[in-house]
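Overview (structure and organization)
Listed below, chain by chain, are the residues.
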Amino acid sequence: MSHNHEHTHHHSHSHDHDHSHDHDHSHEHAHGHGHSQSHGHSQGAGPEMSTKEKIGVLLSHWVDHNDSHKDNFYSWAKKAEQAGLDAVAVHLKQAGDLSEAVTKHLKQAEEELRG
């Protein structure tokens, strides 16, 4: 048994860095029971984007977004060190390092997509 629904929601968030995020998302879900779900950005009027085009747009966004988080992790790691919170700083630096690895994979995916 499956149940499908489509919804659009708007959300904004700021993470104490130099920009905030504002996204409109349209999602169609098929829940559970081995069915898939898909997520896409609504593009308004005009021709439907191909999956390849959508992935290209998303990858670019994810690289920028992830890099902003990485910079934020490193910045707060430095602040944690200055506050004597060395163990916290270690974890924040590790989160920054992992974010760098994520960005590397996202950029490799962009290269593959371009051929």
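Residues numbered from 1 in each chain as written. Predicted model: local features only at pLDDT ≥ 70, side-chain atom pairs only at ≥ 80, totals over all residues. Heavy atoms only, no water.

A short note on the packing of helix α1 (residues 51–82) against helix α2 (residues 86–114)
Here α1 crosses α2 at 160 degrees, and the two axes come no closer than 8 Å. In terms of axis orientation, α1 runs roughly antiparallel to α2. Handedness of the α1/α2 crossing: left-handed. A breakdown of the residues in the contact of α1 with α2 according to their chemical character gives 17 nonpolar, 6 polar and 10 charged. (Axes fitted to C-alpha atoms, helices over the stretch in contact; angles between N-to-C directions. Helix = DSSP H or I, 4+ residues; strand = E, 2+ residues; numbered from the N terminus. Parallel < 35°, antiparallel > 145°, perpendicular 65-115°, else oblique. Left-handed = near helix turned anticlockwise from the far one by under 90°. Nonpolar A, V, L, I, M, F, W, Y, C, P; charged D, E, K, R; others polar.)

Describing α2
Compared with the 42 Å implied by 1.5 Å per residue over 29 residues, the 42 Å span of α2 between its first and last C-alpha is a close match. When we look at burial in α2, the residues that qualify are A89, G96, S99, T103, L106 and E110. On the buried face of α2, the contacting elements are α1. Taken from the residues just after α2, G115 is the one with a positive phi, measuring 85 degrees. (Expected span 1.5 Å × (residues − 1). Buried < 20%, exposed > 50% of the residue type's maximum accessible area, 1.4 Å probe, protein only. Contact = heavy atoms within 4.5 Å.)

Quick word on the packing of aromatic side chains
Tallied over the full model, the rule gives 0 aromatic pairs. In this structure, K79 packs its charged tip against the face of W76, placed 4.0 Å from the ring centre. (Phe/Tyr/Trp six-rings, centres within 6.5 Å; stacked < 30°, edge-to-face > 60°. Lys NZ or Arg CZ within 6 Å of the ring centre and 35° of its normal.)

Side note on the pattern of salt bridges
All chains considered together, the criterion is met by 4 salt bridges. Of the charged contacts in the structure, one is a salt bridge between K70 and D67, with a shortest N-O distance of 4.0 Å. A residue pair is termed a helical-turn pair when its members lie 3 or 4 positions apart in one helix, as K70 and D67 do in helix α1 at 3 residues. Taking relative accessible area as the criterion, K70 reaches 16% and is therefore assigned buried. For the salt bridge of K70 with D71, the shortest nitrogen-to-oxygen distance reads 3.6 Å. (Salt bridge = Lys/Arg side-chain N within 4 Å of Asp/Glu carboxyl O.)

Topic: α1
Helix length check: α1, at 32 residues, gives a terminal C-alpha distance of 46 Å against a target of 46 Å (1.5 Å per residue), a fit within 8%. By the burial criterion, the buried members of α1 are L58, L59, V63, H65, N66, D67, S68, H69, K70, N72, A77 and A80. Immediately beyond the C-terminal end of α1, within one or two residues, lies G84, with a positive phi of roughly 80 degrees.

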